[in-house]
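Each chain, letter by letter, is given below.
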Amino acid sequence: MNMQSRLQLIEDITVMIGSTHSVEAAYSTGDDSTEMSDIRILCVPKNTIDAPTAYKKLNYFFTNELKPETASFVSREPSRIIKQFNLPNGFVVTLSVIESRLVSVSGWWRVLRGAPAINSSLGGRETDVELVAEPKPAPAPEPEPVAEAMPEPEPVQQPIVEAPVEFVPETAPEQAEEPQQEGDEYWDYVAKNIRSARLAINSGSYIRAGEIISLLRHMLIELICVRNDIEENFENAIDFIECEEKDMLIKSYPAALDKAPLIKSLGIICELFDRLA
């Protein structure tokens, strides 16, 4: 565990945050006692009263990409959701999704995805680097005490007492696992296809990327139709729906199977899924 692995992990998290359009700004934060393994990510949702939606999408990415060994909530207030992820490599990532009216930082903060209005209201101090405290040196072992020879005491007759009744503490009930929310599998499938499309574009597999984007577009057609009370014949019905999402869908068709048009198309599709979530 070193600064290079810390920065790489934060960069990977920044890419995940960029995959959802529900986040207005994101920061890496800390204080004077922040250790190398302690990574704190603060996200401010675009919709100032909808932190749960932004958290839900980020939680999909964190759970599937980082594969934490354990995860637990620090706060579950609708306007202030904080969850801690313990990763197999020793890092502890704390994700905070907090509405802009409540957000503040007492220590340092580094911009991952900034917004000027939010930056100016954070407090604390801005930095361009991760301010990690120096590891504390291991304490020197205390010298073992010198044993002095003591005279053997005279035997003392012990009184006879009844054996105490053994107290067996009640076993605390195991904490139930957090139930999977309805629709998680669907959005997990969406997230995996978005990641696959991005990887295909970055590796130059443009035809493969186009096929995945086409699949995602078909899913969006069904979503738009269902939201407009249409339950069948989606491919034909979509042409007769008048809504802003259909106009955006038309713009998601790439002008060519090349990197720039495919990136633009995937960006529109991600934004559509965010709107329809």
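Note: the structure precedes this text.
The shown structure was predicted, so the numbers you read here are calculated from the model rather than taken from an experiment.

S.K.: What is the right way to look at the overall build of the chain in this model?
M.R.: Along the backbone of the chain there are eight helices and seven strands. A total of 277 residues make up the chain; the buried ones form 39% of that total. Relative to all contacts within the chain whose residues are 6 or more apart in sequence, the contacts with residues 24 or more apart total 60%. Summed over all atoms, the accessible surface of the chain reaches about 17,800 Å², with 53% contributed by carbon and sulfur.

S.K.: Got a minute to help me understand the side chain of lysine 83 in this structure?
M.R.: Within the secondary structure, lysine 83 sits in strand 4 (residues 80-86). Residue classification places lysine 83 among the buried residues on the basis of a relative accessible area of 5%. Side-chain polar atoms of lysine 83 contact the side chain of tyrosine 55, separated by 3.4 Å. Among the polar contacts made by the side chain of lysine 83, one reaches the side chain of asparagine 59 at a distance of 3.3 Å.

S.K.: Explain the packing of aromatic side chains here, please?
M.R.: Working definition: an aromatic ring pair is given by the centre-to-centre distance plus the angle between the planes. The full count for this structure, using the stated rule, is five aromatic pairs. With a centroid separation of 5.6 Å and 85° between ring planes, the pair formed by tyrosine 27 and tryptophan 109 is classed as edge-to-face. Of this pair, tyrosine 27 sits in strand 1 (residues 23-30) while tryptophan 109 sits in strand 6 (residues 108-113), and the two are 82 residues apart along the sequence. Across this residue pair, the class does not change: tyrosine 27 and tryptophan 109 are buried. Ring plane angle 85° and centroid distance 5.9 Å describe the contact between tryptophan 187 and phenylalanine 273, whose orientation is recorded as edge-to-face. Remark: phenylalanine 273 occurs in helix 8 (residues 259-276) and tryptophan 187 occurs in helix 4 (residues 184-202); sequence separation between them is 86 residues. The exposure classification of tryptophan 187 matches that of phenylalanine 273, with both residues buried. An aromatic cluster of at least three residues, connected via ring pairs, comprises Tyr186, Trp187 and Phe273. If you follow arginine 76 out to its NZ or CZ, it ends over the ring of phenylalanine 73, 4.1 Å from the centre.

S.K.: What exactly am I supposed to notice about the sheet that holds strand 3 (residues 70-77) here?
M.R.: What holds strands together in a sheet is hydrogen bonding between their backbones, with the strands either parallel or antiparallel. Strands sit in the order 3-4-5-2-1-6-7 across an open sheet of seven strands; the sheet is mixed. Of all strands in the sheet, those bounded by a partner on one side alone are strand 3 and strand 7 (125-126). The pairing of strand 2 (residues 38-45) with strand 5 (residues 92-98) spans six bridges and is classified as parallel. Bridging from a neighbouring strand, isoleucine 41 pairs with leucine 95 of strand 5.

S.K.: Would you mind showing me how to read the environment of aspartate 38 here?
M.R.: Considering the arrangement of structural elements, one finds aspartate 38 in strand 2. Looking at aspartate 38, the relative accessible area reads 19%, which means it is buried. It is 9.1 Å that separates the C-alpha atoms of aspartate 38 and arginine 6, two residues lying 32 residues apart in sequence. Discounting residues that sit within four places of it in the chain, aspartate 38 has contacts with Arg6 and Val92.

S.K.: Help me understand helix 5 (residues 206-227), please; the structure alone is not making it clear to me.
M.R.: Each α-helix turn comprises 3.6 residues. Residues three or four places apart therefore point the same way. Between its first and last C-alpha, helix 5 extends 31 Å over 22 residues, near the 32 Å set by a 1.5 Å rise per residue. Each element contacted by the buried residues of helix 5 is listed here: helix 4, helix 6 (234-237), helix 7 (244-250) and helix 8.

S.K.: Any chance you could explain the packing of helix 4 against helix 5 here in plain terms?
M.R.: Axes are the key here: two packed helices are described by the angle between their axes and the distance separating the axes. Put simply, helix 4 and helix 5 touch, their axes get as near as 8 Å, and they point 150° apart. Considering their axes alone, helix 4 and helix 5 lie roughly antiparallel with respect to each other. For the crossing formed where helix 4 meets helix 5, the hand is left-handed. Taking contact as the criterion, the partners of Tyr186, Trp187, Tyr189, Val190, Asn193, Ile194, Ser196, Ala197, Ala200 and Ile201 in helix 4 are, on helix 5, Tyr206, Arg208, Ala209, Ile212, Ile213, Leu215, Leu216, Met219 and Leu223. The residue inventory of the contact of helix 4 with helix 5, partitioned by class, reads 16 nonpolar, two polar and one charged.

What counts, and where the lines are drawn
- Residues numbered from 1 in each chain as written.
- Predicted model: local features only at pLDDT ≥ 70, side-chain atom pairs only at ≥ 80, totals over all residues.
- Heavy atoms only, no water.
- Helix = DSSP H or I, 4+ residues; strand = E, 2+ residues; numbered from the N terminus.
- Buried < 20%, exposed > 50% of the residue type's maximum accessible area, 1.4 Å probe, protein only.
- Contact = heavy atoms within 4.5 Å.
- Areas by Shrake-Rupley, 256 points an atom, 1.4 Å probe, with all protein chains shown as cover.
- Polar contact = N/O pair within 3.5 Å; in protein donor to acceptor, adjacent residues only side chain to side chain.
- Phe/Tyr/Trp six-rings, centres within 6.5 Å; stacked < 30°, edge-to-face > 60°.
- Lys NZ or Arg CZ within 6 Å of the ring centre and 35° of its normal.
- Pairing = 2+ DSSP bridges.
- Expected span 1.5 Å × (residues − 1).
- Axes fitted to C-alpha atoms, helices over the stretch in contact; angles between N-to-C directions.
- Parallel < 35°, antiparallel > 145°, perpendicular 65-115°, else oblique.
- Left-handed = near helix turned anticlockwise from the far one by under 90°.
- Nonpolar A, V, L, I, M, F, W, Y, C, P; charged D, E, K, R; others polar.

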